[in-house]
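Spelled out, the chains give:
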Amino acid sequence: FYRGKQLEDGHSLFDYSVGLNEIIQLMVRNVPAPVATTGSASNGNGDSTTNGSDTEETMEEVEPKEEEIEGALFKVGDQVDARDLRCGAWFEGKIKRITCASGASSPTFTEGVATSTSSSGESSSSSATAAPANGDSAGNDASNRTSNAEADIHYHVHFDGYDDNEIAELTSVNVRPKAAKSVSFADVTVGEMYMMNYNCDAPKDRGLWYDARVTEKDSQSKKVKAVLQLGNGVEGEEVQLAQMDIYRIEKSGQSSEDGDGDKRNNAPDCRWCKDVETRKCKHCACVECGGKDAPDKQILCDECDSAYHLWCLNPPLEELPEVEEWYCPDCKNDENEVIKAGEKLRVSKKKSKMASKQGSCTRDWGKGMACVGRTKVCTIVPPNHFGSIPGVPVGSLWRFRVQVSEAGVHRPHVSGISGRSEEGAFSLVLAGGYEDDKDDGTEFFYTGSGGRDLSGNKREAKQSSDQQLTLMNRALAKNCDASVNDKIGGDAKDWKKGRPVRVVRSAKGKKHSKFAPDEGCRYDGLYKIVKYWPEKGAAGFKVWRYLLRRDDPSPAPWTTEGKKNIKKLGLTLQYPEGYLESQAQKEQEKEAKKVAAKRKRSEGGDPEESVTPAKRRKRRRWRQSENARRVEILRSR
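All of these numbers come straight from a predicted model, not from anything done at the bench.

Draft legend 1. Up close: the side chain of Arg83. In this structure, Arg83 sits in strand S3 (residues 79-83). Among buried Asp, Glu, Lys and Arg side chains, Arg83 stands out as unpaired, with Asp211 the closest opposite charge at 4.0 Å.

Dropping the structure here:
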């Protein structure tokens, strides 16, 4: 299963777009054992007989009927106590069927003679008159035969409160008469075994019924400590019982003096409402209204087992749907989001409502692109890919750096070097950030990173400390065909054998290089490092310098052949989706404001509203000077 979709046979993981580090679910199926078919064998009389273990029908033929099994301590329909082997607790149940163990003889007890019929049809008898002279020995033999016969009998018990089709097949050890006689606290004896109620998860609440051996009895606080018996000789820890419901254990072959008695109180099925019918509960009843009425009009979800009234659903249902599996609105998968064989992974509902997925963009372009998030990620190659990006030719031009990142050419938005210190550098951007950079087109000198104080979210700053051959500087040095030396640097033995670096030139470097584009960012191909070394920079601090030389089969974009190739491929400046529309809308809004202001002035509106702030300040100063001049004239008069 992948993202809730079961993968179909005949397809591969690539058909479902399952990538590396994706999580898939595997369901281990038990392979059914092949049914061995045996031919019919002929007996001495010429009749053919079939092996009883071949099919179910044959098994039913050889299984004795209930009335044929004698010597059983119980009969079909008896109310008994039976142990659930999964938890070791005892439950009240009803015997539905009595059979013999597979391959065991069917015991038949008659007065004076015990006859045992084996599966081969042979019978053996022992007469009471043929018993040994020793009476005790004869009694022991009869007791053993009875015990062995009872051990071969299996009781098929249906526990009260369980599903009708959930029948447990138990031996006589795990079936006994129903305990109906309660024992008072005064009659409890230390060391004796009783049936007691205990909740393993919440000891203070009512739980299940276990056999328990009393180890301590406090008459003042009336508390009992006991060791739970979980069956097959397994004992639990010593616990203190909070429920003082204690029953006497009835022995097999003896009936209770009080008859069947009342039904014992077990732990409630719902721990929130305590199974109170008049109390609403959204845990055991309808999750919408909490009502317990009309159980035949409630439908269960096959995923979360929550119950819903048909009229509480949205939209409501008039009748139970005739489907094998039904899922509630919270568990049901949208069919439009199910990934079929060969389809790509679809966008989730949350992402589909984003502006980037709807095709409309409200981004105000031009107000800084350094921290703009990417709308897509390059998945053609991994992030640590050396070399060119498939589908991105030399000369590709983008308006913003974020587009370069989306194309996978240079993934960082701000950093000039993309790489890993232990692997190498994958790409770099020439933007004229250092005064020491020198660009000659086919080769250029590049200054490493670091040595600047960029605190306060600054993008540029003067050199204030020495650079170290670590991080991205070390990554660039790893690309050189020479050993890494953080003291003197290194020269490539064969510079063409070094790892390639994708180089992007930005229009910001136009002031330092004539090879930079006039607008945006341009991919100029692959370069390799010839040498690297430390030196004192123009600011007086040590910087790491790199000499890179072009090694790309495609012609450079500034050459005549490169320009022809760009024209042939139809490469133009690429704008982000919605950018041109946004700019056109801004121009229209600006023109609309101008037209509205002009119309308002022509209609005789308030002239002060159309005056700019500079003109207001000029008029204010003129009025102040005019008032001062008039005051001087009045004083002189």
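From this point, the discussion proceeds with the structure in view.
Draft legend 2. Representation of unusual backbone geometry. Here the amide bond leading from Asn314 into Pro315 is cis, since omega sits at 0 degrees, within 30 degrees of zero. Within the secondary structure layout, Pro315 lies in the loop between strand S17 (307-309) and helix H3 (349-352). The phi angle at Asn21 is positive, at roughly 65 degrees, despite the residue not being glycine. Examined against the element boundaries, Asn21 turns out to sit in the segment before strand S1 (41-42). Of note, the phi angle at Ala294 is positive, near 50 degrees, even though the residue is not glycine. Note on placement: Ala294 falls in the loop between strand S15 (246-247) and strand S16 (298-300).

Draft legend 3. Looking closely at empty space enclosed by the protein. Counted according to the given criterion, the structure contains one cavity of 30 Å³ or more. Size it by volume and the largest cavity reaches roughly 130 Å³. Along the lines of polarity and charge, the residues of the lining of the largest cavity split into five nonpolar, five polar and four charged.

Draft legend 4. Local environment of the pairing of strand S4 (residues 90-100). Most of S4 is tucked away: eight of the 11 residues are buried. As judged from the five bridges shared by S3 and S4, these two strands associate in the antiparallel manner. Across the sheet, Gln79 pairs through a bridge with Lys94, a residue of S4. Where S3 hands over to S4, the hairpin turn is made up of six residues, of which Gly88 adopts a positive phi near 85 degrees. Sheet analysis places S4 next to strand S8 (residues 153-159), joined by seven bridges and oriented antiparallel. In the sheet register, Gly93 faces S8, and the bridge partner there is Phe159.

Draft legend 5. Fine view of the pattern of salt bridges. Scanning all chains against the criterion turns up 18 salt bridges. Among the ionic pairs, Glu626 bridges to Arg630, the shortest N-O distance being 3.7 Å. Taken together, the positions of Glu626 and Arg630, both in helix H10 (residues 613-636) and four residues apart, correspond to about one turn of that helix.

Draft legend 6. Here's a closer look at the nonpolar core. The biggest cluster of nonpolar side chains holds 29 residues, and the ones touching the most others in it are Tyr155 and Met196. For this core, the elements supplying multiple residues, two or more each, are S3, S4, S8, strand S9 (168-171), strand S11 (193-198), strand S12 (208-218), strand S13 (223-231) and strand S14 (234-241). Examining the composition of this core, we find that four residues originate from one element, S8, more than from any other. With 24 residues, the next largest nonpolar core counts Leu430, Val501, Ile529 and Leu548 among its residues.

Draft legend 7. Geometry of a positive patch on the surface. On the surface, Lys598, Arg601, Lys615, Arg616, Arg617, Lys618, Arg620, Arg621 and Arg623 cluster together into a patch of positive charge. Contributing elements (two or more residues each) for the positive patch: helix H8 (579-602) and H10. With seven residues, the single largest contributor to the positive patch is H10. Relative to the helices and strands, Arg601 is located in helix H8. Arg601 gets classed as partly exposed once you look at its relative accessible area, which sits at 48%.

Draft legend 8. Quick peek at a nonpolar patch on the surface. Among the surface-exposed residues, Leu13, Ile24 and Leu26 lie close enough to one another that they form a single nonpolar patch of about 300 Å² accessible area. Exposure remark for Ile24: the relative accessible area of 34% places this residue in the partly exposed category.

Draft legend 9. Broad picture of the environment of Asp551. Here Asp551 is to be found in the loop between strand S26 (542-550) and helix H7 (560-569). Separated by 56 residues in sequence, Asp551 and Trp495 place their C-alpha atoms 9.6 Å apart. Excluding its chain neighbours within four sequence positions, the residues that come into contact with Asp551 are Trp495, Lys496, Leu526, Tyr527 and Lys528.

Draft legend 10. Here's a closer look at the environment of Gly509. Here Gly509 shows up in the loop between strand S24 (501-506) and strand S25 (521-536). As for Gly509 and Asp437, which are separated by 72 residues in sequence, their C-alpha atoms are 9.7 Å apart. Those residues in contact with Gly509 that lie beyond four places of it in its chain are Ala431, Gly432 and Ala516.

Draft legend 11. Geometry of the environment of Gly191. Within the element layout of this structure, Gly191 appears in the loop between strand S10 (175-177) and S11. Once the C-alpha coordinates of Gly191 and Val214 are considered, the two residues, 23 residues apart in sequence, prove to be 5.1 Å apart. Those residues within four positions of Gly191 in sequence are excluded, and the remaining contacts are Arg213 and Val214.

Draft legend 12. Layout of a negative patch on the surface. A cluster of acidic residues, Asp302, Glu303, Asp305, Glu324 and Glu325, forms a negative patch at the surface. Inspection of the secondary structure puts Asp302 in the loop between S16 and S17.

Draft legend 13. Structural detail: the side chain of Arg401. Looking at the secondary structure, you find Arg401 in helix H5 (residues 401-407). Of note is the side chain of Arg401, whose polar atom sits 3.0 Å from the backbone oxygen of His413. With near-sequence residues (within four places) excluded, Arg401 lies in contact with His410, Pro412, His413, Val414, Ser415, Val429 and Cys521.

Draft legend 14. Spatial organisation of the packing of aromatic side chains. If you walk through the whole model with that rule in mind, you get 13 aromatic pairs. Relative to Tyr546, the ring of Tyr532 has its centre 6.2 Å away and its plane inclined at 20 degrees; by these criteria the two rings are stacked. With a gap of 14 residues between them, Tyr532 in strand S25 and Tyr546 in strand S26 connect regions that are remote in the sequence. Both residues of the pair, Tyr532 and Tyr546, count as buried. For the pair Tyr575 and Tyr579, a centre-to-centre distance of 5.3 Å together with 5 degrees between the ring planes defines the contact as stacked. Residue classification places Tyr575 among the partly exposed positions, given a relative accessible area of 32%. Judged by its relative accessible area of 9%, Tyr579 falls in the buried class. Connected via pairs of aromatic rings, a cluster forms that spans Phe400, Tyr575 and Tyr579.

Definitions and cut-offs
- Residues numbered from 1 in each chain as written.
- Predicted model: local features only at pLDDT ≥ 70, side-chain atom pairs only at ≥ 80, totals over all residues.
- Heavy atoms only, no water.
- Helix = DSSP H or I, 4+ residues; strand = E, 2+ residues; numbered from the N terminus.
- Buried < 20%, exposed > 50% of the residue type's maximum accessible area, 1.4 Å probe, protein only.
- Lys, Arg positive; Asp, Glu negative; His and termini not counted.
- Salt bridge = Lys/Arg side-chain N within 4 Å of Asp/Glu carboxyl O.
- 1 Å grid on protein atoms, 1.4 Å probe; cavity = no way out; pocket = protein on both sides within 12 Å on 5 of 7 lines; lining within 4 Å.
- Points joined across faces, edges and corners; volume = space filled by probe spheres on them.
- Nonpolar A, V, L, I, M, F, W, Y, C, P; charged D, E, K, R; others polar.
- Pairing = 2+ DSSP bridges.
- Core = buried A, V, L, I, M, F, W, Y, C linked by side-chain atoms within 4.5 Å.
- Patch = residues over 30% accessible without salt bridge, like charges linked within 9 Å, V, L, I, M, F, W, Y side chains within 5 Å.
- Areas by Shrake-Rupley, 256 points an atom, 1.4 Å probe, with all protein chains shown as cover.
- Charge placed at Lys NZ, Arg CZ, Asp CG, Glu CD.
- Contact = heavy atoms within 4.5 Å.
- Polar contact = N/O pair within 3.5 Å; in protein donor to acceptor, adjacent residues only side chain to side chain.
- Phe/Tyr/Trp six-rings, centres within 6.5 Å; stacked < 30°, edge-to-face > 60°.

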